[in-house]
Amino acid sequence: MPFLTGEHVRSPELTALTGLPFDDDDEVLRAAIDDASVPALLMSMVHMTGDPGILDRLPRPYMLIAMDLQGGMSEPDKQVVRDKAFEVAREYRDRGCPPPFVPDEHQLRVMLDVITGGQVGSELIEYIAADLRVTDADQNGPPLASTARQRADFPVLVIGCGEAGLLAGIKLKAAGLPFTIVEKQSGVGGTWLANRYPGCRVDIASQYYTYSFEPTDHWEHHYATQPEILRYLRDVMDRHGIADHVRFDTEVVGARWDELSATWRVRVRTGGGAVEELTARALICAVGQFSNPVIPDIDGADTFEGPTCHTADWDDTLDLTGRRVAVIGAGASGFQLVPAIAGTAAHVDVYQRTPQWMAPNVHYHEAVSDGARWATRHLPYYGRWLRFVSWWPIADALDEQITIDPDWDTGGLSVSAGNQMIRDMFIAWMQAFTDDEDLLAKVTPKYPPMGKRTLQDDGTWLRTLQRDDVELINDGIAAITADGVTDVHGVHRRADVLVWATGFDVNHQLGPIDIRGRDGLSLNEVWGDAAYAYLGMTVTGFPNFYCMFGPGTNAVNGASLIYNSECQMRYILGCIDMIIASGAAAAEPRAEVCRDYDRRSQQRLQTMVYAHPAVTSSYYKNSTGELPTLFAWRIADYWKWTRYPDPADYQLETAAPQEVS
Ligand code: NAP
């Protein structure tokens, strides 16, 4: 594992990521340090002093937890660290901000032991070191084996310009591969452009929901709002010069593998309705799992006379002022929408079929202070460690809590002792916001925590449900009428506007796009509602075809889709490079490799909380109770498995392609 030396750390790219030199006065330093995450500060001090021993002389985090960037430390302990950090930062500034110290493996181990209380197994060091950027094993993968000239002859087409498609463009461009991104919407953003309902924001910490090669100091909120994310994606697109490669307002209708020329023939429909065929040597499908909104088949739904819209297709002209709004669905989208429209609408009825678990998170709606942003921008490696503090407690650290203990029996309320602890914590959190037993009964799930997507809450949800102008209805919907919704008890509630917050058809992620591989094989038919792909990316019978955020890649407990996209794109680039460098025309995963991966994935998922029978309605499950969209292992495993393709996993087609016409 090659750790970086001071010289490398001073490269402009890395300096932007790990901390820009500063000469600000003491007041600025003090304000930044007062607002900073103390665990991340502790680590930054090592980078400023070059002395890991400093950690022995200072208080350390009690435990990293998602709701607290301060590691559960007491106020006096935090103050001791802040005072020392101020001294260290001042001295570092006065020395002219020399290249930060980069620990070696042993020293990093010491630092990780301090910040996590010894939770990090040695097999994880390499993966963590890469994200911290103390090694050069970053998301780029090994050097390419093909020549620039060879790559220049290998056009790639990308479907979709959301976070994944944009990333694909950035990496393809850097590798010198010609490419076109085809995007049906009129701008970059994908899901983040489509989902612009009031209150929409990310529920993974912004620090982690960030490209690893981009600085993280721009975030205005700990959990960025949708407009902020969209601005970010637009900025990234501009900075990397991707817009010229994108055909906006153009929809991919279908794609067909042409055996003779070893190319994908991609049919696109332009905004004007004309259909064109584009040709590419590789096809990257970056439509993700959340591009097909679902409107359930409820009796009378088409008779409603007022305006209606889905959260994923928000009507920007919709004015809710003074109107009665019925929101159907209380999942991640409804949970964000309802508090944002309560008070504007005259009244909101929330139709909840199943309650969803909420994790306590005091930072959920909080803005990042100027001081904290300064610290992220300038204190050496502070931003990288803040990112670590944001993801470590919620991602791979939760393995035990999401695994079903076969000897644990609470009638489906929890799946293990660790899971029960989470349940108790979540319930205590809800009780802090109401003592209304009826309401608590309505909002407390009867399935184990984390069985469905866990929401992030700072008390807003329960405060909103207790407003006089908001009603939570969990009796089930009998019918929708011209002017409202009737529940199963026959109670009719009038509504002027109807909002569907009813989620997505993740098990048919291609939607209407018709992808045909070898011998006309239809991907939609091969997948049915049990889609699979080797490592979530490649499928037997579909040469040179790659998915991003494809089947089996939704790491639902705290992973950042952007992080996973980077893993995927690094691997995809490796696959393309493997094809080109070996002189092959095409590659597809060997059938046994692809099937075996899917089998192991589904087997493992059945041991996890998501598969528990008490989780009765969940978009994770398909018609047979399988969990085709979910990732079954640790993010650390995914990082490792996607570093580069193993040629033995692939069937290489050696025939040279005929001239592309
Ligand atoms: P969702 O989690 O699938 O929630 C859909 C809601 O609609 C559920 O409450 C569901 O009830 C309800 N529903 C579905 N059919 C219904 C019917 N026939 N009658 C009554 N209720 C019905 O969808 P989502 O809220 O759009 O979230 C989907 C995913 O998108 C999330 O899990 C998350 O991964 C992502 N997301 C992320 C963010 C974020 O990062 N901030 C925000 C929004 C969405 P049941 O629970 O009973 O099925």
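Calculation rules
Residues numbered from 1 in each chain as written. Predicted model: local features only at pLDDT ≥ 70, side-chain atom pairs only at ≥ 80, totals over all residues. Heavy atoms only, no water. Helix = DSSP H or I, 4+ residues; strand = E, 2+ residues; numbered from the N terminus. Expected span 1.5 Å × (residues − 1). Contact = heavy atoms within 4.5 Å. Near = heavy atom within 4 Å. Polar contact = N/O pair within 3.5 Å; in protein donor to acceptor, adjacent residues only side chain to side chain. Areas by Shrake-Rupley, 256 points an atom, 1.4 Å probe, with all protein chains shown as cover. Patch = residues over 30% accessible without salt bridge, like charges linked within 9 Å, V, L, I, M, F, W, Y side chains within 5 Å. Salt bridge = Lys/Arg side-chain N within 4 Å of Asp/Glu carboxyl O. Buried < 20%, exposed > 50% of the residue type's maximum accessible area, 1.4 Å probe, protein only. Domains from an automatic or database assignment. Buried area = accessible area lost by both parts, 1.4 Å probe. Nonpolar A, V, L, I, M, F, W, Y, C, P; charged D, E, K, R; others polar.

(A) View of helix 15 (residues 417-431). Compared with an ideal rise of 1.5 Å per residue, which puts 15 residues at 21 Å, helix 15 spans 21 Å between its outermost C-alpha atoms and is within 8% of the ideal. The secondary structure elements touched by the buried residues of helix 15 are strand 11 (358-360), helix 16 (437-443), strand 12 (455-457) and helix 17 (460-465).

(B) Examining the site of the ligand more closely. The full set close to the ligand counts 23 residues, and Arg201, Ser333, Thr354, Lys452 and Tyr619 are the nearest of them. One nitrogen or oxygen atom from the main chain of arginine 201 is found 2.3 Å from a nitrogen atom belonging to the ligand. The separation between an oxygen atom of the ligand and a polar side-chain atom of serine 333 is 2.6 Å. Notes on the ligand: free accessible area 900 Å², of which the protein chains cover 87%. Element by element, the count of residues in the shell around the ligand is highest for helix 12 (residues 332-341), at three residues.

(C) Up close: a nonpolar patch on the surface. Nonpolar side chains collect at one region of the surface, where Tyr62, Met63 and Ile65 lie side by side and expose about 330 Å² of accessible area between them. As for its position among the elements, methionine 63 is in the loop between helix 4 (38-49) and helix 5 (75-94). The partly exposed category is assigned to methionine 63, whose relative accessible area is 40%.

(D) Structural context of the domain arrangement of the chain. Each assigned domain of the chain is listed with its residue range as follows: domain 1 (6-140 + 372-389), domain 2 (148-292 + 506-653) and domain 3 (301-365 + 395-500). A C-alpha centroid distance of 30 Å is found between domain 2 and domain 3. Across the boundary between the two partners, domain 2 contributes 32 residues, which contact 36 residues of domain 3. Looking at the side of domain 2 facing domain 3, the largest losses of area belong to Tyr197, Asp203 and Val609, adding up to 21% of the total buried there. Run the count over domain 2 and domain 3 and you get three salt bridges. When the shortest N-O distance is used, the salt bridge between aspartate 203 and arginine 453 registers 2.6 Å. At the junction of domain 2 and domain 3, the tally comes to 13 residue pairs in polar contact (both at pLDDT 80 or more). Grouping the amino acids of the side of domain 2 that touches domain 3 by side-chain chemistry returns 16 nonpolar, 11 polar and five charged.

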